[in-house]
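# Structural overview
The chain contents come next:
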Amino acid sequence: MKIIDVEAIWLRVPTFSERCEWGEDAFLVKVHTDTGLTGIGESDSAPAVLKAMVETPSSHSTSRGLREILLGENPLDIDRLWRKMYHESSYMGRRGAAIHAISAIDIALWDIASQHYGVPIHTLLGGKVRDEIAAYGTFIPKDRPAENKKLVEGLLESGFTALKLGGGLFGTDPDHDHEVMRVVRDTAGEDTGLAIDLVYQWKNYRYAKTQCERMGEFNLDWIEEPLPSDDHLGLRRLAENSGTRISGGEGLSTVAEFSEFIRDSRPDIIQPDITRCGGISEIRKIHGIATGFSTELVPHGFSTGILMAATVQFLASIPGGDLIEFSQSTSPLSLELVTNPITLVDGKVPVPDVPGLGVDLDEDLIAKYRVEMSVGSPV
Ligand SMILES: [Mg+2]
């Protein structure tokens, strides 16, 4: 079997372009083979940049476009191809966008292998250890604190027993945040798991420590990205001195970067995104490092049903993979791109046992939102 094309697809929903609602665009890849099998992957990143990573003609031996690297290769050689892509894009890659694009391709290769062998991806990953995964719902809080009551009630009605909030104004004003949390905790009750996501907004260690203490009364499961991932000293001091678990890492990629993060920032929980960190292949290695250094792994995931399907397969195969993020985005890319999405059942997502990712794409929706742009010329 040979790879005959790597199709990089940029989708953008015009009505979402005015303001980021976490779902305004998406980047997909389709890896086509000469047997007719096609693998699907995605990355939650900047689609135009990733499209360039795939399509760019080669500049020299370590700045090669990913499509060129893969043409004619056997898609079943996943690990070898990952290393080849990493090495031959290393001058423009090693971290960030290049690894995001590699993540999408890696997921597509696992999709192909799983279909080829006729077994679920979790079987190829070593075997399923759970049939369902508890999900927590992530939402952007309303600016007016009282309006969050109805929002939280709706989420609890849909079955969630754990919630996370972040984005919008949250994190910019401690008094406002406190009011929001009071409404959310009072509505959710003491038995609902609650976490908050600061998206780096807590300025510095001293400020963050004060806010952590103030949030103590809400009995949070974790505090996510209170400081930037590069502020290793601040995060480490916070993790050592906070009564609440500190998490982060959704923007990091590769086992190398997560090794540094765990070593220097000492988070309680790392949150690699399978579509950014290097795909299914790399998140397995990241999980190994985390396990060896007493760190939990709860993946980030807030995109389409492709990300969800890949994350479920990975979590189904690892010990401790019992919590998954469940997007509340109202974007059509989140809700409609995959026509047979994994859905919530009593606050949990079932683990599919079909070969491949098992996602069917709405090709009409892809045609509707596809942005036509090509970098370089086809090889
Ligand atoms: Mg986050």
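Our subject is the structure that appears above.
Presented here is an overview of the structure given in this document. The model shown is predicted, which means the values in this text are computed figures rather than measured ones.

### So, the pattern of salt bridges
Here the idea is simple: oppositely charged side chains can pair when their charged atoms come close. Tallying each qualifying case throughout the model produces 32 salt bridges. Residues Asp25 and Arg12 are paired through a salt bridge, measuring 3.2 Å at the closest nitrogen-oxygen approach. Of this pair, Asp25 sits in strand E2 (residues 25–33) while Arg12 sits in strand E1 (residues 3–12); the two residues are 13 residues apart in sequence, bridging distant segments of the chain. For Arg12, a relative accessible area of 27% gives the class partly exposed. In this structure, Arg80 and Glu73 form a salt bridge, with 2.7 Å as the shortest nitrogen-oxygen distance. In the salt-bridge network here, residues are joined through shared partners; they are Arg64, Glu68, Glu73, Asp77, Arg80, Lys84 and Glu88.

### Brief notes about the coordination of the magnesium ion
Around the magnesium ion, the protein supplies Asp197 (OD), Glu224 (OE) and Glu250 (OE) as donor atoms, at distances of 2.0 to 2.1 Å. Residue Glu224 is classed as buried on the basis of its relative accessible area, which comes to 0%.

### Observations concerning the sheet that holds E1
Within a beta sheet, neighbouring strands are joined by backbone hydrogen bonds and run either parallel or antiparallel to one another. Spatially, three strands are ordered E1-E2-E3 in an open sheet, and the strand pairing comes out antiparallel. Looking at the sheet topology across the chains shown, the edges are occupied by E1 and strand E3 (38–43). Taken over all neighbouring pairs, the strand axes of this sheet differ in orientation by 20° on average, direction set aside. Strand direction decides the pairing type here: E2 and E3, joined by six bridges, are antiparallel. Following the sheet pairing, Val29 is matched in E3 by Gly41. The sheet strands contacting helix H4 (residues 96–117) are E1, E2 and E3, and the helix crosses E3 at an angle near 150°.

How each quantity is defined
- Residues numbered from 1 in each chain as written.
- Predicted model: local features only at pLDDT ≥ 70, side-chain atom pairs only at ≥ 80, totals over all residues.
- Heavy atoms only, no water.
- Salt bridge = Lys/Arg side-chain N within 4 Å of Asp/Glu carboxyl O.
- Helix = DSSP H or I, 4+ residues; strand = E, 2+ residues; numbered from the N terminus.
- Buried < 20%, exposed > 50% of the residue type's maximum accessible area, 1.4 Å probe, protein only.
- Donors = N, O, S within 2.8 Å, 3.2 Å for Na, K, Ca; no water.
- Pairing = 2+ DSSP bridges.
- Axes fitted to C-alpha atoms, helices over the stretch in contact; angles between N-to-C directions.
- Contact = heavy atoms within 4.5 Å.

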